[in-house]
Amino acid sequence: MAEGLQDALEKPLFFERRGMTSKANEKIVAEFKEHALTGGAVFLGVQGGRTSEGVDFPGNQMNSVVVIGVPYAEPTPRVKAQIAYYEKQFPTRGREYGYILPAMKKASQCAGRPVRTLEDKGAIVFLDSRFASGYCKSFLPSWVLRDLRVLPAKDGALGHEIQVFFNR
């Protein structure tokens, strides 16, 4: 399921699975949190899933998060109806309110997992160039924008930036 990631890591790997029960999810989250005391682990979650929005990771339980992709909703009839409703209520803003804003809210909630108090320190990586566009940035909260940096697409740039971040 983790597509060979387990073999490339030097830490235990945990991940949410489609159809996972609440009890099973709670169990893997608890196991992941236990590793915070012994060198850490890697947790793969789904944006908008249970763990990305409904679980706190205080202190050193989670110190980094990688947000991969903008979690746009599938354009189902319900989503299209929401867009149409908002368009009637707020002309020219229907797509933003019914489609863009919910996706950016999900991404921001996911990004905030490691930073819950003023004392928490967490690296947040948006691994999608769309987050660097002026349009998407306009929907990100100020706490994200304050230290947002766009890195060059060159080997080692992200690793170097993360190392500098945690050595500050």
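Heads up: the structure comes first, above all this text.
Please read these numbers as outputs of a predicted model, since none were measured by experiment. (Residues numbered from 1 in each chain as written. Predicted model: local features only at pLDDT ≥ 70, side-chain atom pairs only at ≥ 80, totals over all residues. Heavy atoms only, no water.)

J.: So what's going on with unusual backbone geometry? Which residues, and what values?
T.: At Thr92, a position not held by glycine, the phi torsion is positive, near 75°. By relative accessible area, Thr92 is classed as exposed at 67%. (Buried < 20%, exposed > 50% of the residue type's maximum accessible area, 1.4 Å probe, protein only.)

J.: Explain the environment of Arg116 to me, and be specific about the residues and the numbers.
T.: For Arg116, the location among the structural elements is in the loop between α5 (94-111) and β4 (123-126). Overall, the relative accessible area of 40% leaves Arg116 in the partly exposed class. Along the chain, Arg116 and Pro58 lie 58 residues apart, while their C-alpha atoms are 6.3 Å from each other. (Helix = DSSP H or I, 4+ residues; strand = E, 2+ residues; numbered from the N terminus.)

J.: Let's hear about the pairing of strand β3 (residues 64-67): which residues, and what values?
T.: What you see with β3 is a clean split: Val65 and Val67 sit on the buried side and Ser64 and Val66 on the side with no burial. In this structure, β3 lies alongside β4, joined through 4 bridges in parallel fashion. Within the sheet, the bridge partner assigned to Val67 lies in β4 and is Phe126. (Pairing = 2+ DSSP bridges.)

J.: Could you give an account of the packing of aromatic side chains, with specific residues and numbers?
T.: Scanning all chains against the criterion turns up 11 aromatic pairs. With 5.8 Å between their ring centres and 85° between their planes, Phe32 and Phe57 make a pair best called edge-to-face. Residue Phe32 is located in helix α2 (residues 22-34), and its partner Phe57 is located in the loop between α3 (50-54) and β3; the two are separated by 25 residues in the primary sequence. Judged by its relative accessible area of 4%, Phe32 is buried. When its relative accessible area of 0% is taken as the criterion, Phe57 is described as buried. Measuring from ring centre to ring centre gives 5.2 Å for Tyr135 and Phe139, while their planes differ by 75°; the resulting arrangement is edge-to-face. Looking at Tyr135, the relative accessible area reads 38%, which means it is partly exposed. Of the aromatic side chains, those joined through ring pairs into one cluster are Phe14, Phe32, Phe43 and Phe57. (Phe/Tyr/Trp six-rings, centres within 6.5 Å; stacked < 30°, edge-to-face > 60°.)

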